[in-house]
Amino acid sequence: MAKRKRLSPAKSDYLAAPAPAPETKSMPLGGAPIAQVAAEAASAAALEELAGAWLEAREAGRMIQEIDEAKIEAGYLVRDRIVADDEELQSLMDSLRARGQQTPVEVVDLGGGQYGLISGWRRLTALRRLLAETGEARFGRVLAILRRPESAADAYVAMVEENEIRVGLSYYERARIAAKAVENSVYDTEKQALLDLFRSASRARRSKIRSFLALYHAADDLLRFPTAIGERLGLSLAKRLEGAPESAERLRAALRQAAAEDADAEQAVLAEILAASAEPAEKAEKVEEQALTPASGPPRAAEETGAGKGGQMWTGREMVAQGIKVQWSGNTLSFSGAAVTETFRKKMLHWIRHGH
């Protein structure tokens, strides 16, 4: 006979008190653990995307940042602007004092926490003067956009274009920066520099800038106020220098002796040099024109050998005008004399080609 299992007696307090609730303090609030993990992953992805967009904007030059003015090298490029007009600079300082910096400068990262200035020299200069005058920390922080020019030429183009748009350069400054860019091996020739730096300028304007190069090469180290040289005076001086290279020495000697203390005095010296060299040049032009005018009478040969009845051979020489002697032999014609200049050569070639 099978044994029956013995049951224990019933507990009298079985239903007296409810069972304790399970421990919950270790469980995440606001949802199950999988939801929290998903939220954290989404946040991390968003932050990573934001950081990437920030870096991309910074690298592409679309983000304005604050840079300590002491970390910006104003002389990174040879500046196209020689001097800043005191009145204009004071107006800029007044604006910066009242409203702060509204337009950022452009810089390139040189590494080691240093930056090279591409454009914004006037703004940086004004901020530094304000910092020196007031000591206010706000003027020591410069708003800047980071640029990454592919070459030095691109950096120079950016500088020139920014100044052309904001405050136009003088013709002398334009010529000077083209020459300096060649001297610093940015371009191989001045023609290449002019075409690239002033690519948006008209052909006529580039031609005028090229003319001012003659003035730069002749006396850049002696001119104290070159930016005050007007277009008309500068072009006239350049023409004189190109037509008579020896006039460069007269120009340099006059500038040394004058040692002008202001722009007006220097302008007067330049005007005197131009007036003094105009008379001999005008005389030479008249002599050249007389030489190119066909004679109406018989030849005035000092010595001439006949060519025979058939005109097969002729030789001789003749002083056709003051300072111009012509000599011929067979099929050769040559000119000599003090008045035989580069201008004479050009006019002669033009007369031969066009008959006038």
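Here, every reference points to the structure presented above.
In this text the structure is predicted, and so the values were computed from the model without any measurement. (Residues numbered from 1 in each chain as written. Predicted model: local features only at pLDDT ≥ 70, side-chain atom pairs only at ≥ 80, totals over all residues. Heavy atoms only, no water.)

Tracing the chain through its elements places L213 in helix α7 (residues 203–219). Taking the relative accessible area as the measure of exposure, L213 reaches 4% and is therefore buried. Between the alpha carbons of L213 and G234 there is a distance of 9.9 Å; along the sequence they are 21 residues apart. The contacts of L213, once residues within four sequence positions are left out, are A175, A179, E190 and L194. (Helix = DSSP H or I, 4+ residues; strand = E, 2+ residues; numbered from the N terminus. Buried < 20%, exposed > 50% of the residue type's maximum accessible area, 1.4 Å probe, protein only. Contact = heavy atoms within 4.5 Å.)

What follows deals with helix α2 (residues 86–99). Note: α-helices contain 3.6 residues per turn, so residues at a spacing of three or four share the same orientation. End to end, α2 covers 20 Å across 14 residues, agreeing with the expected 20 Å (1.5 Å per residue, within 8%). Those residues of α2 that sit buried are L89, L92, M93 and L96. Projection of α2 onto a plane perpendicular to its axis shows the buried side chains occupying an angular sector of 100°, all on one side. Residues of α2 that are exposed and point more than 90 degrees away from the buried face comprise E87, A98 and R99. Contact partners of the buried residues in α2: α3 (121–134). Where α2 ends, the next residue or the one after it, G100, has phi of about 80°, a positive value. (Expected span 1.5 Å × (residues − 1). Arc of directions from axis to C-beta.)

Spatially, β1-β5-β3-β4-β2 is the arrangement adopted by the 5 strands of the open sheet, whose pairing is mixed. Since the sheet does not close on itself, it has two edges, and those belong to β1 (64–68) and β2 (72–73), each with one partner. Judged from the 4 bridges that link them, strand β3 (residues 105–111) and strand β5 (residues 141–147) form a sheet pairing that is parallel. Note that in β5 the partner of E106 across the bridge is I145. (Pairing = 2+ DSSP bridges.)

Our next topic: helix α5 (residues 171–183). With 13 residues, α5 ought to run about 18 Å at 1.5 Å a step, and its terminal C-alpha atoms sit 19 Å apart, in line with that. Among the 13 residues in α5, 11 count as buried, and that is most of the element. Residues Y171, Y172, E173, R174, A175, R176, I177, A178, A179, K180 and A181 constitute the buried set of α5. Two residues or fewer past α5, S185 is found with a positive phi of approximately 65°.

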